[in-house]
Amino acid sequence: MGISIVVTSGKGGVGKTTTTANVSTVLASLGKKVCMVDLDIGLRNLDAVMGLTNRIVYDIVDVAQHRVVVSQALVRDPRFEDKLYLLAASQFADKYVLDKESVGRIIEELKQRFDFVMIDCPAGIEYGFQNAVSIADGALVVINPEVASISDADRVVGILENMNMPITPHLIINRIRRNMVNDGTSMKIDNIVNHLGIPLLGIVVDEDKVITASNTGRTVVLDETSDAGHSYRNIAKRMLGENIPLDLSDHTKKAGFWGRVFGRK
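Note that the structure is a prediction, hence the values are computed from the model and not measured.

### A word on the sheet that holds strand 3 (residues 75-76)
One open sheet accounts for eight strands, arranged 3-4-2-5-1-6-7-8; its pairing is mixed. Strand pairing shows two members of the sheet lacking a second neighbour, strand 3 and strand 8 (200-205), which therefore form its edges. Two strands pair when backbone bridges link them, and strand 1 (residues 3-8) and strand 5 (residues 116-120) are joined in this way by five bridges, in the parallel orientation. Looking across to strand 5, one finds that Val-6 is bridged to Ile-119.

### Digging into the packing of helix 1 (residues 16-29) against helix 11 (residues 227-239)
Look at helix 1 against helix 11: their axes get within 9 Å of each other, and the N-to-C directions meet at 65°. In the packing of helix 1 onto helix 11, the handedness of the crossing is right-handed. Each of Thr-18, Thr-19, Asn-22, Val-23, Val-26 and Leu-27 in helix 1 lies in contact with helix 11, whose residues at this interface are Tyr-232, Arg-233, Ile-235, Ala-236 and Met-239.

### Quick word on the nonpolar core
The biggest cluster of nonpolar side chains holds 50 residues, and the ones touching the most others in it are Val-37, Leu-87, Leu-110 and Leu-171. Setting aside chain neighbours within four positions, we find Leu-87 in contact with Cys-35, Met-36, Val-37, Asp-38, Asp-59, Ile-60, Val-63, Ala-73, Leu-74, Ile-106 and Leu-110. Listed in part, the 40 residues of the second largest apolar core include Ile-3, Val-14, Ala-213 and Leu-240.

### So, the confidence of the model for the chain
Averaged over all residues, the pLDDT of the chain equals 90, while 93% of them reach at least 70. The model gives residues 249-258 a pLDDT under 50, and that stretch makes 23 contacts with residues more than four places away or in other chains.

### Focus: the UniProt feature "binding site: ATP" (unreviewed entry) in the chain
Residues given the UniProt feature "binding site: ATP" (unreviewed entry) here are Lys-11, Gly-12, Gly-13, Val-14, Gly-15, Lys-16, Thr-17 and Thr-18. Within the secondary structure layout, Val-14 lies in the loop between strand 1 and helix 1. Those residues in contact with Val-14 that sit more than four places away from it in its chain are Ser-9, Val-142, Asn-144, Ser-149, Asn-174 and Arg-175. Positionally, Lys-16 belongs in helix 1. In this view, Lys-16 contacts Val-7, Thr-8, Ser-9, Lys-11, Asp-120, Cys-121, Pro-122, Ala-123 and Val-142; residues no more than four positions away in its chain are not counted. In this structure the side chain of Lys-16 is engaged in a polar contact, spanning 3.2 Å, whose partner is the side chain of Ser-9.

### Here we look at helix 1
Relative to the 20 Å expected for 14 residues at 1.5 Å per residue, helix 1 spans 20 Å between its end C-alpha atoms, a close match to the ideal helical length. Counting buried residues in helix 1 gives 13 out of 14 residues, a clear majority hidden from the surface.

### Quick word on the packing of aromatic side chains
Under the counting rule described, the total for this entry stands at two aromatic pairs. Consider the rings of Tyr-85 and Phe-114, whose centres lie 5.5 Å apart with planes at 65°: the pair is edge-to-face. Of this pair, Tyr-85 sits in strand 4 (residues 84-87) while Phe-114 sits in the loop between helix 5 (100-111) and strand 5, and the two are 29 residues apart along the sequence. Taken together, a centroid distance of 4.7 Å and an interplanar angle of 55° make the contact between Tyr-96 and Tyr-127 tilted. Of the two residues, Tyr-96 sits in the loop between strand 4 and helix 5 while Tyr-127 sits in helix 6 (residues 127-134), which places them 31 residues apart along the sequence. What makes Tyr-127 partly exposed here is its relative accessible area of 27%. Above the plane of the ring of Phe-114 lies Lys-33, whose end atom (NZ or CZ) is 5.6 Å from the centre.

### Let's talk about the pairing of strand 7 (residues 170-176)
In terms of burial, strand 7 is largely enclosed, as six of its seven residues are buried. In the sheet, strand 6 (residues 138-143) pairs with strand 7 via four bridges, with the strands oriented parallel. The residue bridging Val-141 from the neighbouring strand is Leu-171, located in strand 7. After leaving strand 6, the chain enters helix 7 (residues 147-163) and then returns to the sheet as strand 7, a path that is right-handed. Pairing between strand 7 and strand 8: four bridges, direction parallel.

### A short note on the pairing of strand 5
Of all five residues making up strand 5, five are buried, and the element is well covered by its neighbours. Across the two faces of strand 5 the burial is the same, with Phe-116, Met-118 and Asp-120 and Val-117 and Ile-119 all buried. Examined bridge by bridge, strand 2 (residues 34-38) and strand 5 share five bridges and lie parallel to one another. For Cys-35, the partnering residue across the bridge sits in strand 5 and is Val-117.

What counts and what doesn't
- Here the residue numbering is sequential within each chain, running from 1 through the sequence in written order.
- A pLDDT threshold of at least 70 governs which residues receive local features in this predicted model, and a stricter bar of 80 or more applies before side-chain atom pairs are shown or counted, although totals over entire chains, interfaces and linings include all residues.
- Based on all heavy atoms of the structure, the side-chain values leave hydrogens and waters out of the count.
- Two strands pair if DSSP finds at least two bridges between them.
- Helix and strand assignments follow DSSP, with helices taken as H or I runs no shorter than four residues and strands as E runs no shorter than two, numbered in order from the N terminus.
- Throughout, an axis means a line fitted to C-alpha atoms (over the contacting stretch in the case of helices), and angles, computed between N-to-C directions, take values from 0 to 180 degrees.
- When the near helix sits turned anticlockwise from the far one by under a right angle, the crossing is termed left-handed; a clockwise turn instead gives a right-handed crossing.
- Whether two residues are in contact is decided by their heavy atoms: any pair within 4.5 Å suffices.
- Think of a nonpolar core as a cluster: buried Ala, Val, Leu, Ile, Met, Phe, Trp, Tyr and Cys residues, connected wherever their side-chain atoms sit within 4.5 Å.
- Burial status follows relative accessibility: with a 1.4 Å probe on protein chains alone, a residue under 20% of its type maximum counts as buried, one over 50% as exposed, and anything between as partly exposed.
- Per-residue confidence from the predictor is reported as pLDDT, which spans 0 to 100.
- UniProt positions are given in the numbering used here, feature names are shortened, and annotations may be inferred rather than shown by experiment.
- Nitrogen and oxygen atoms within 3.5 Å of one another constitute a polar contact, given that in protein one can donate a hydrogen and the other can accept it, and given that sequence-neighbouring residues count only through two side-chain atoms.
- The span you would expect from a helix comes to 1.5 Å times its residue count less one.
- Note on aromatic pairs: the rings of Phe, Tyr and Trp (six-membered ring only in Trp) are paired at centre separations within 6.5 Å, and the planes decide the class, stacked below 30 degrees, edge-to-face beyond 60, tilted for the rest.
- Note on geometry: a ring has a charge over it if NZ (lysine) or CZ (arginine) is within 6 Å of the ring centre and within 35 degrees of the ring normal.
- Look down the strands so they point away from you; if the path from the first strand over the helix to the second goes clockwise, the crossover is right-handed.

Take a look at the structure:
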């Protein structure tokens, strides 16, 4: 039985899809079998970031409405043999076409086949968000070091904690600017973590290479020279239990609960 992880934030535009794509890519490259699920109905873009748009025939709505079975809708990423797959969102359907029961049935079936089911959550905390988080075993909360992003994430964290997920939600701080950290104009990482009250899993630096990679349908983790790619690789390795010091930090965080859960190799 695999594990379902929702990548969420509350606020749009913080990097959920990029995080889903890159973390999934690393997990697949490390030998885990991974399925990415795009639940952003009507606004799908995970397929574009992965360069898989032309391979899509069916989507999650087709599966939910029993037009096809799950295996027919899965898109395999040929760069990773049989390790990485995508279940795309519908580009045209209304978000209310899915409900918790149908999404839950699909995710449970995928967990029978994959080590990780990575769910790209729509923005906001309404219908699509509720569908995504209600069937997840754990969550990655992605934020930017900005007041609005942290405020929205605070509400999301409160909802997640009330759900008593089997795996404690963890935090990823995205688009950290080193120059602002060095000159003291960025929000302090420790203050952000203390405010949100969930463990920090990783910090991703802001880098143009992320945009370049997305525009070419490649994840930035495939670029060995990318600092952001290095950050995502460390995040995925921490999920598998490796004890890796956090970037831009002078202290080491232990693998903790994630390590105990994901340490199966």
